[in-house]
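Results of the structural survey
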Amino acid sequence: MKRRRRGEAPEPGCLRAWAAESEALAGRWRAARGWGPGGAAARQQRGAFGELLLRMRGLPAALTTLPLELTVLYNSLLFAMGASDCAINGESEEICQGLLRVLEALGASGQDLSTEELWQKVLQEVTVEELQAPLHRLGALQGAWWLATNRLGSITGLFRLLSSAEDPGRAPCSGGKNELLSLLKAWKVPAEGASVSLVQSAEDLKEILCTAAAFLQGLQELEAGNLPAALSLLEEAAGGFCSKRVLAQIYTCLSCCTQQMGKPQTALQHLKRALQVDFQCLPALSHAAAVYHELGEMDAELEALAVLYEALERNPPAAASTTPYCLIQIEHLVHTPALASLFRHRHPSEVKYLLAQRCLQDGRVADAVEHYLDFLALLQDGLQQQVPLDGGSALPRIPEVFLEAASALEQAGRHQDAITVCEEVVSRTADLIPQVLRVEERSEQPECPSPGTELAGGPLSQKRESLCCLVWRTAAYLHQGWAWAMLGKNKEAITQFSRCLGDLLRIQLYQSGVEPTGSLIPEVNLLQKIRLLSLVGRGTQFLELGKHREALLDFQHGLQISPGDPAAASYLVQALWKLNRKQEAAARWQKLSESPAEEDGQQEGLGRRVARPYPLYLVSCLKQATFPHNESLARNIQDYLRTATT
């Protein structure tokens, strides 16, 4: 058998057979566009095109067969990229192999060239008109791969080359952040011959590239905080070619952008459009709840959360709603951490917790109790194995949820249930706290947004975790003390307050040898507040039992921890009066009356002010420790002062 030389055309019969097979495969796909890119039929088509390509590559490259070979390569890669959730290296290597075949047919070499250099050489070498359209199609696929791998510089350079090859006399597009979009829009897709069999046209691919590029760059600008640029690019993407699912995502991103620009009402309009386009875009509901929260519209926020919870319970997030006849879609090309963060699907339990938390914050105690109890029931179903407790989760640490539930139960008058819930926290933290916990009082590190968030390995983190456990355990004892007090069980209340104070003795604070410049560790600040509330609570129970001296000592100790605390100072006045130390009581009462009231959550344990409010689970304890208005005591002191001055 005679061996064919390089560049020599194969037998006409082979070329006709290959063309007929390619046409049959493409025609079969066009006739059944509803299959979708990820189905078994699509995988069969991909395999069939791949086998045809292998047979064609079994012969040396020839200019007469390259248009068909590049078309088959294009169709094969469309199925490969369309069936994958992300770009894979094999696809780019296949494109490079196709370019090397072009150079082989021209008698040139491209070995050891980078992909960018290979494209430049091919477009400079090729003058055959029949190869222009196949190469431009392949260039669009290369651009899609680079877009999916976030190589915007590479795709920009490629389309500069394609534009120059198409029209050498055309003035280049101006640079800048929108140069890529300008190049994509200006790119003229070469006309295809009537006999060319494509499973997705280059014109469709161009539209998808334009939309994807605008969407991706808009997300990048949004993440960088360049809001006007992000808004412009996302609006451009919203007018492009994409599936309903992607359009809903774009509207949701527009809402995030306008919300950050201080336009919450505009943000809500974008979210409404997102849900109109795709009612399964549940992240839009989640973002709507956040906007309503910012606006202080509690009813609307709770309604959005309730609808979101019902939707998640009834119908978990569905797979992407795609346009079946487009093998490559926006979903395959836009992958950024910002997009993953914005469209993180919430677990139903996270939404249930948000409902409970918001109701408790708004004083809707009965609803809060119902939601918290539903959430605690979910824990019995292995919730902790289902929900990743990462930075994106709405859930706090589980002991904090128990404590919030106890707080809600107390406010609902279900004190015995609150005691039971707190006992769960006490028992689960019993073995997690050392007998002595030495902690540096101040930290040079930036403060955590909430206790217990810096838990990645190491001795410091382990100590921080022990501190968190101590906070939760002592807070549980504190809640139990107040719950027993509300039940009229003074001795039981004193026992729980004393247990709280006893556990607090485990911590030993120290300062480094240098002058302290950092702020109090958040957990230390919180423990000091718990100590103060326990002392006030125990003191009130001593007062009710007539143990005025013991009560006086607790209130004095509380004022040592937090000088000027209005609750401790007021109760101290009452204890002094009951001990018949009227002169001291009157003097302190006068001083207390002259001092400005400080809001809870703004006063730190040692008199230094902080901006951080106390945790939600301590709010009920703060309220219970507030000194009740006592007209009788005030009148008696005023009468005493008038008598003393006459």
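Predicted model only: the values in this text are computed from it and were never measured. (Residues numbered from 1 in each chain as written. Predicted model: local features only at pLDDT ≥ 70, side-chain atom pairs only at ≥ 80, totals over all residues. Heavy atoms only, no water.)

**Some remarks on the overall build of the protein**
Here is the rule we go by: A run of DSSP states H or I qualifies as a helix once it reaches four residues; a run of E qualifies as a strand once it reaches two. Both are numbered from the N-terminal end. Three exposure classes are used, based on accessible area relative to the maximum for each residue type with a 1.4 Å probe and protein chains only: buried under 20%, partly exposed in between, and exposed over 50%. Whether two residues are in contact is decided by their heavy atoms, any of which lying within 4.5 Å being enough.
In terms of helices and strands, the protein carries 29 helices and 4 strands. Counting only residues that meet the buried cut, the protein has 51% of its 646 residues in that class. A separation threshold of at least 6 residues defines the contact pool for the protein, and within that pool the share at least 24 residues apart is 71%.

**Concerning helix H25 (residues 548–561)**
Short version of the rule: Each helix should span, by expectation, one fewer than its residue count multiplied by 1.5 Å.
Taking 1.5 Å per residue as the helical rise, H25 with its 14 residues ought to reach 20 Å, and the 20 Å between its terminal C-alpha atoms agrees with that figure. Within the span of H25, buried status applies to Ala551, Leu552, Asp554, Phe555, Gly558, Leu559 and Ile561. In this structure, the buried residues of H25 make contact with helix H24 (522–544), helix H26 (566–578) and helix H27 (582–594).

**What to know about the packing of helix H20 (residues 398–411) against helix H21 (residues 415–428)**
The test is simple: Angles here are taken between N-to-C directions and fall from 0 to 180 degrees, while the axes themselves are lines fitted to C-alpha atoms, restricted in helices to the stretch in contact. Any angle that falls under 35 degrees is termed roughly parallel, while one over 145 is termed roughly antiparallel, one within 65 to 115 roughly perpendicular, and all others oblique. For any pair of crossing helices, the crossing counts as left-handed if the nearer helix is rotated counterclockwise from the farther one by less than a right angle, and right-handed if it is rotated clockwise. Amino acids outside the nonpolar list (Ala, Val, Leu, Ile, Met, Phe, Trp, Tyr, Cys, Pro) and the charged list (Asp, Glu, Lys, Arg) are all regarded as polar, and Gly is one of them.
Two elements in contact, H20 and H21, have axes separated by 8 Å at closest approach and are oriented at 170°. In terms of orientation, H20 and H21 fall into the roughly antiparallel class. Note on packing geometry: the crossing formed by H20 with H21 is left-handed. Counting all contacts with H20, which are made through Pro399, Phe402, Leu403, Ala406, Leu409 and Glu410, the residues of H21 involved are His415, Asp417, Ala418, Val421, Cys422, Glu424 and Val425. Looking at the contact of H20 with H21 residue by residue, the class counts come to 9 nonpolar, 1 polar and 3 charged.

**Section: the pairing of strand E1 (residues 437–440)**
Note the cut-off: Only when DSSP finds a minimum of two bridges between them are two strands counted as paired.
Burial along E1 is one-sided: Leu437 and Val439 are buried, and none of Arg438 and Glu440, which face the opposite way, are. The sheet contact formed by E1 and strand E3 (residues 507–510) spans 4 bridges and is parallel. Within E3, the position partnered with Leu437 by the bridge is Ile507.

**Some words on the packing of helix H9 (residues 202–224) against helix H11 (residues 244–260)**
Interhelical geometry of H9 versus H11 gives an angle of 25° and a closest axis separation of 11 Å. Classed by the angle they form, the pair H9 and H11 counts as roughly parallel. Both H9 and H11 take part in a crossing whose hand is left-handed. Along its contact with H9, which presents Phe215, Leu219 and Leu222, the element H11 presents Val246, Gln249, Ile250, Cys253, Cys256, Cys257 and Gln260. Within the contact of H9 with H11, the residues separate by chemical class into 8 nonpolar, 2 polar and no charged.

**Quick word on the confidence of the model for the protein**
This is how the line gets drawn: Per-residue confidence from the predictor is reported as pLDDT, a score between 0 and 100.
On average, the protein scores 85 in pLDDT, and the residues at 70 or more come to 84%. When the criterion is pLDDT under 50, residues 599–612 qualifies, and its contacts beyond four places in sequence or with other chains add up to 40 contacts.

**Things to note about the packing of aromatic side chains**
Here the distance between the centres and the angle between the planes together describe a pair of aromatic rings. Going by this rule: The rule is short: rings of Phe, Tyr and Trp, with Trp giving its six-membered ring, pair when the centres are within 6.5 Å, and they are stacked under 30 degrees, edge-to-face over 60, tilted in between.
This model, assessed by the stated rule, comprises 9 aromatic pairs. Residues Phe159 and Trp187 carry aromatic rings whose centres are separated by 5.2 Å and whose planes lie at 80° to one another, so their mutual orientation is edge-to-face. With a gap of 28 residues between them, Phe159 in helix H7 (residues 152–166) and Trp187 in the loop between helix H8 (179–186) and H9 connect regions that are remote in the sequence. Centroid distance Phe555 to Tyr571: 5.3 Å. Interplanar angle 15°. Geometry classified as stacked. Of this pair, Phe555 sits in helix H25 while Tyr571 sits in helix H26, and the two are 16 residues apart along the sequence. The pair formed by Phe555 and Tyr571 is uniform in burial state, with each residue classed as buried. Three or more aromatic residues joined by ring pairs make a cluster, and in this case those are Trp29, Phe49 and Phe79.

**A few points about the side chain of Ser620**
Inspection of the secondary structure puts Ser620 in helix H28 (residues 619–625). According to the relative accessible area criterion, Ser620 is buried, its value standing at 3%. If we ignore the near neighbours within four places in the chain, the residues touching Ser620 are Ser407, Glu410, Gln411 and His479.

**What about the environment of Tyr372?**
Rules: Any pair of nitrogen or oxygen atoms within 3.5 Å is treated as a polar contact; in protein, a donor-acceptor pairing is required on top of that, and neighbouring residues in sequence qualify only through side-chain atoms on both sides.
Tracing the backbone through its elements, the reader meets Tyr372 in helix H18 (residues 365–379). Note on Tyr372: relative accessible area 1%, which makes it buried. Between the C-alpha atoms of Tyr372 and Val401, which are 29 residues apart in sequence, the distance is 7.9 Å. If sequence neighbours within four positions are ignored, Tyr372 has contacts with Tyr353, Ala356, Gln357, Leu360, Val401, Glu404, Ala405, Ala408 and Leu616. At 2.5 Å, the side chain of Tyr372 and the side chain of Glu404 are in polar contact.

**Here we look at the state of the cysteines**
Defined as follows: The disulfide criterion used throughout: a pair of cysteine sulfur atoms within 2.5 Å.
In the structure shown here, the tally under the stated rule is 0 disulfides. As a non-bridged cysteine, Cys422 has Cys621 as the owner of its nearest cysteine sulfur, 8.2 Å distant. Left without a disulfide partner, Cys469 is nearest to the cysteine sulfur of Cys468, which lies 6.9 Å away. Under the relative-accessibility criterion, Cys469 is labelled buried at 3%.

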